[in-house]
Amino acid sequence: MKALTWQGRSDVRIDDVPDPRIEHPTDAVIRVTSTAICGSDLHLYDPLGPFLSKGDILGHETMGIVEEVGSEVTHISVGDRVVVPFNISCGHCWMCQRGFMAQCETTQVREQGMGASLFGFTELYGSVPGGQAEYLRVPQAQFGPILVPEGVADERFLYLSDILPTAWQGVEYADVPDGGSLAVIGLGPVGLMAVAIATQRGLQVIGVDNVPERLARARQYGAAVINTDETDDVPGAIRELTDGRGVDGSLDAVGMEAHGAPVAETAIKAVGLVPDVLAKPMMKTVGIDRLAALRTAIGAVRRSGTVSVSGVYGGMADPLPMMEIFDKGLALRMGQCHVKRWIDDIMPLVLEDGDPLGLEAFATHRLPLTQAPDAYSMFQKKQDGCIKVVLKP
C-alpha cells in the first residue's frame with residue numbers, strides 16, 4: 001500500500017509499504033476513505049524528530065471501511081463504516097472503566113513512562129503505524145472503532161477521531177458556568193472547534209490568534225476576536241471585554257507550537273540538531289516548551305477561574321508563573337483527550353440536521369494522499385489560507 005512516512009526533519013514522503021494484517025484477535029483492518037493532518041502532526045514534522053525512525057507511518061485522524069476483523073471483535077463487521085479514535089484503548093481496564101481512555105492500562109507505553117498508545121505518534125506512544133495510508137491496522141478494535149451511518153459525507157464524522165472530542169473535552173475542562181465566558185487561545189482546528197462548541201452552548205467566546213482566516217472563521221461562529229498582532233497585552237484586552245475581571249475559563253489550544261518565545265524556540269530547535277542518543281534524554285529531562293499561549297491563558301482567566309489545556313506540550317523543565325497561578329487560585333485541567341468518553345454526548349450534535357458545527361465545510365483543503373508532503377509544508381507555514389487538510393487515499 002501507499003503511506004506517508006517520516007524520513008527526517010521536515011521531510012515526509014509517500015512510500016510503498018507492506019499491507020497491514022491481523023496480528024491479534026482484537027485487531028481489525030480498515031480501508032481508509034479519509035484521513036486528516038492534525039496540528040500535532042506538525043510536532044513530528046519538526047521538533048519531535050529524535051523519537052521517530054525513518055519509515056514511520058504518520059497520521060491519527062482516520063476513518064474508513066472495515067476490511068477484516070479478528071476473532072474477538074464483535075461490535076463491528078466487514079463492510080461497516082467506522083471512525084478510529086487517535087488513542088488506542090481497551091475499554092475494560094481500571095482507567096477505561098473510569099472514562100480515562102487516554103491512560104488505558106492495557107496500551108500504556110510503560111517503558112517510556114507514558115499513557116495509552118497513539119496512532120502514528122513516535123516511540124513515546126508506542127510507534128504504532130498511523131492512518132495517513134491506504135489501509136490501517138486497528139489494535140483493540142473490540143472497543144475503539146466508532147460505528148457511523150451511511151449516507152452522510154465522511155467529513156461529518158472524520159473529526160470524531162481527534163479534534164472534535166479534543167475540543168469538546170477542552171471546553172468541558174474549562175468549567176465555564178451557563179452563560180459565562182471562555183477565551184480560546186489559538187484558532188487552529190481544535191481552537192475553532194472549541195469556539196463552535198462553546199457558542200452553541202450560549203457562552204461568551206473570545207478567540208485569540210493572528211491569522212486572518214482563522215479570526216474570520218471564529219467571527220462566523222459568533223465569537224469576539226483579538227488579533228495578537230494588534231495588541232501587546234492580550235490578557236488586558238480580554239479583561240476589557242469582561243468587566244475588568246477576565247474570563248471564567250480559558251482554553252490553550254496551541255501547545256508547544258506557540259509563537260512569541262524566540263529563546264525557547266531556539267533551544268527547542270537546537271535540541272533537534274544534536275544526535276538522537278543525546279537529544280532524547282535532553283528532551284525528557286530538561287526539555288522546554290514555548291509557553292506564550294499558556295501564559296496568555298493564565299493571564300486572561302479571572303481569579304478562581306479554570307485554565308484548560310488541549311495543546312500538546314512536551315517539556316519537562318518549563319518555567320511556569322507559579323506565583324500568579326497560586327495567587328489567582330486557578331484550577332488547571334489538561335491532557336490527551338479521552339475520545340470515547342465524549343462520543344455519546346457529541347454524536348447527537350454531529351447528526352443534527354443542518355450540520356450546526358459546520359463539519360462538512362470545516363476543511364479548507366481536500367487533496368489526494370499523494371500530495372500529503374506538500375500539504376504538510378503548506379499547513380505548517382499557514383499558506384493559502386490553510387486551516388485543515390483532509391487527504392483521500
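Just so it is clear, the model here is predicted, and its values are computed rather than measured.

1. Points about the packing of helix H4 (residues 189–200) against helix H5 (residues 212–221)
Right, so step 1: Closest axis-to-axis distance for the H4/H5 pair is 9 Å, and the angle between their directions is 15°. By the criterion of interaxial angle, the relationship of H4 to H5 is roughly parallel. Our pair here, H4 against H5, has a crossing hand that is right-handed. Residues Leu 192, Val 195, Ala 196 and Thr 199 of H4 pack against Arg 214, Arg 217, Ala 218 and Tyr 221 of H5.

2. Concerning the sheet that holds strand E8 (residues 181–185)
Right, so step 1: Pairing in this open sheet of six strands is parallel, and the strands run E10-E9-E8-E11-E12-E13 from one edge to the other. Of all the strands in the sheet, just strand E10 (224–227) and strand E13 (331–334) have a single pairing partner and so form its edges. On average, adjacent strands in this sheet sit at an angle of 20° to one another, irrespective of strand direction.
Right, so step 2: Of the strand pairs in this sheet, strand E12 (residues 301–309) and E13 are connected by four bridges, and their pairing is parallel. When the bridges of E13 are listed, Ser 308 appears paired with Arg 333.
Right, so step 3: Sheet strands in contact with H4 are E8, strand E9 (204–209) and strand E11 (247–252), and its direction is about 165° off that of E8.

3. Examining the pairing of E9
Right, so step 1: For E9, the buried fraction is high: five of the six residues fall into the buried class.
Right, so step 2: Bridge count between E8 and E9: five bridges; the pairing is parallel. Its bridge partner lying in E9, Ala 183 is registered against Ile 206.
Right, so step 3: Handedness of the β-α-β unit built from E8, H4 and E9 comes out right-handed.
Right, so step 4: In this sheet, E10 lies alongside E9 in parallel orientation, the contact comprising four bridges. Paired with Asp 209 across the bridge in E10 is Asn 227.
Right, so step 5: One crossover worth recording links E9 to the parallel E10 by way of H5, and it is right-handed.

4. A closer look at the packing of helix H3 (residues 163–174) against helix H11 (residues 339–351)
Right, so step 1: Orientation of H3 relative to H11, taken along the N-to-C sense of each, is 100°, at an axis distance of 9 Å. With respect to each other, H3 and H11 are oriented roughly perpendicular. Touching Leu 164, Pro 165, Trp 168, Gln 169, Glu 172 and Tyr 173 of H3 are Val 339, Arg 341, Trp 342, Asp 345, Ile 346, Leu 349 and Val 350, all from H11.
Right, so step 2: Partitioning the contact of H3 with H11 into residue classes produces nine nonpolar, one polar and three charged.

5. Quick word on the environment of Glu 72
Right, so step 1: Inspection of the secondary structure assignment puts Glu 72 in the loop between strand E4 (61–69) and strand E5 (81–84).
Right, so step 2: Owing to a relative accessible area of 48%, Glu 72 belongs among the partly exposed residues under this scheme.
Right, so step 3: Separated by 46 residues in sequence, Glu 72 and Thr 26 have C-alpha atoms that sit 5.2 Å apart.
Right, so step 4: Each residue touching Glu 72, except ones within four places of it in the same chain, is listed here: Pro 25, Thr 26 and Gln 142.

About the cut-offs
Residues numbered from 1 in each chain as written. Predicted model: local features only at pLDDT ≥ 70, side-chain atom pairs only at ≥ 80, totals over all residues. Heavy atoms only, no water. Axes fitted to C-alpha atoms, helices over the stretch in contact; angles between N-to-C directions. Helix = DSSP H or I, 4+ residues; strand = E, 2+ residues; numbered from the N terminus. Parallel < 35°, antiparallel > 145°, perpendicular 65-115°, else oblique. Left-handed = near helix turned anticlockwise from the far one by under 90°. Contact = heavy atoms within 4.5 Å. Pairing = 2+ DSSP bridges. Buried < 20%, exposed > 50% of the residue type's maximum accessible area, 1.4 Å probe, protein only. Right-handed = clockwise from strand over helix to strand, strands pointing away. Nonpolar A, V, L, I, M, F, W, Y, C, P; charged D, E, K, R; others polar.

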